[in-house]
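Residues per chain are reported as follows:
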Amino acid sequence: MNQETLIALTPEAENKSLLIYENGNTAIHGCSPISYLQMLDSEMGADMQDSRERFNQYPNLGIRLSDGKIYLKMRFSNVPPIYGYVLLEAIDKIFDDENDECILYLTDGQTLPTRWRIGTVSLHMRQAQKLLGAPETPEQEK
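In this convention, every chain numbers its residues from 1, walking through the sequence in written order. Whole-chain, interface and lining totals are the exception, using all residues; otherwise, since this is a predicted model, local features are given only for residues with pLDDT of at least 70 and side-chain atom pairs are given and counted only at 80 or more. Only hydrogens and water are set aside; all other atoms, that is, all heavy atoms of the structure, feed into the side-chain values.

### A few points about the overall build of the chain
And then number 1: Note on conventions: DSSP H or I runs of at least 4 residues are helices, E runs of at least 2 residues are strands, and numbering of each starts at the N terminus. Check the secondary structure of the chain and you find three helices and 10 strands.
And then number 2: Put simply, the chain runs from its N terminus to its C terminus through helices and strands in the order β-β-β-α-α-β-β-β-β-β-β-α-β.
And then number 3: Here the chain, with 142 residues, has 44% of them falling under the buried criterion.
And then number 4: In what follows, residue pairs with any heavy atoms lying within 4.5 Å of each other are defined as contacts. A sequence separation of at least 24 residues applies to 40% of the contacts in the chain between residues at least 6 apart.
And then number 5: Note that accessible areas follow from Shrake-Rupley with a 1.4 Å probe, and for residues the cover is restricted to the protein chains shown. For the chain, the accessible area works out to roughly 7,600 Å², and carbon and sulfur atoms hold 44% of it. Accessible area is worked out with a 1.4 Å probe on protein chains only. A residue is then buried under 20% of its type maximum, exposed over 50%, and partly exposed in between.

### A look at the pattern of salt bridges
Two side chains carrying opposite charge are able to pair once their charged atoms lie near each other.
And then number 1: The working definition used for a salt bridge is a side-chain nitrogen of Lys or Arg within 4 Å of a carboxyl oxygen of Asp or Glu. In total, this model carries two salt bridges according to the counting rule given.
And then number 2: We note a salt bridge from Asp100 to Arg117, for which the minimum N-O separation is 2.9 Å. Placement of the pair is Asp100 in the loop between β7 (91-96) and β8 (102-106) and Arg117 in the loop between β9 (111-113) and α3 (118-132), with a sequence separation of 17 residues.
And then number 3: On the basis of relative accessibility, which here comes to 34%, the residue Asp100 falls in the partly exposed class.
And then number 4: When its relative accessible area of 52% is taken as the criterion, Arg117 is described as exposed.
And then number 5: With its nearest N and O atoms 2.9 Å apart, the salt bridge here joins Arg115 to Glu101. Here Arg115, found in the loop between β9 and α3, pairs with Glu101, found in the loop between β7 and β8; they are 14 residues apart in sequence, far enough to count as distant.
And then number 6: Looking at Glu101, the relative accessible area reads 19%, which means it is buried.

### What about the nonpolar core?
And then number 1: In this text, buried Ala, Val, Leu, Ile, Met, Phe, Trp, Tyr and Cys residues form a nonpolar core when linked through side-chain atoms within 4.5 Å. By size, the foremost hydrophobic cluster in this structure holds 37 residues, and its most contacted members are Met74, Val86, Ile91 and Leu104.
And then number 2: Where this core is concerned, the elements lending two or more residues are β1 (6-13), β2 (16-21), α1 (33-43), β5 (70-75), β6 (83-87), β7, β8 and α3.
And then number 3: Of the residues forming this core, the biggest block, five residues, is contributed by α3.
And then number 4: Apart from the residues within four sequence positions on either side, Met74 is in contact with Ile82, Tyr83, Gly84, Val86, Ile91, Leu104, Thr114, Trp116 and Val121.

### With respect to the sheet that holds β6
And then number 1: Taken in spatial order, the six strands make up an open sheet running β3-β2-β1-β6-β5-β4, and their pairing is antiparallel. Because the sheet does not close on itself, it has two edges, and the strands there are β3 (26-29) and β4 (62-64). Direction aside, the axes of adjacent strands within the sheet are offset by 20° on average.
And then number 2: Being paired, for any two strands, means DSSP has found at least two bridges between them. Bridge count between β1 and β2: six bridges; the pairing is antiparallel. What sits directly across from Leu6, in β2, is Tyr21.
And then number 3: Whenever a helix is involved, its axis is fitted only over the stretch in contact; in every case the axis is a line through C-alpha atoms, and angles between N-to-C directions fall within 0 to 180 degrees. This element, α1, spans β1, β2, β3, β4, β5 and β6 of the sheet and lies at about 140° to β1.
And then number 4: Contacting β4 and β5, α3 runs over the sheet at an angle of about 155° to β5.

### Digging into the environment of Ile63
And then number 1: Residue position: Ile63 is located in strand β4.
And then number 2: Between the alpha carbons of Ile63 and Gln38 there is a distance of 9.6 Å; along the sequence they are 25 residues apart.

### Structural notes on the pairing of β2
And then number 1: The element β2 is extensively covered by neighbouring structure, given that five of its six residues are classed as buried.
And then number 2: Linkage of β2 to β3, two consecutive antiparallel strands, is achieved through a turn of four residues, within which Gly24 is found at a positive phi near 95°.

These figures capture arrangement, not role.
Shown next as structure tokens:
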């Protein structure tokens, strides 16, 4: 596994994920985004039962890994596989595009288009802050 900070995992095809790192590097991995995060958590030495409980606590919201990093679940596609994950602390700003879909501006300058409206993303981020103990949500722009 890579020692760089993983900031996003987006679905590419069935059982394939695009991994996006903070320095702009990308890689394709042969498993789903959730499976990759579970593998990453186990490499950090997480107890499997504890890990399973944390992954199942808020399955539609996101995941707190054993190192404290929170990955927020996002919809990236309209056809399966549709969900990926973004490191919450890597989201700098969110705004709407011309199709009313939310674009995430990441702290490294990259952008990620989602298939959700800005209100859904904003609500999702606030829920993560409340339930998973995440830092404050970034500013919204229109």
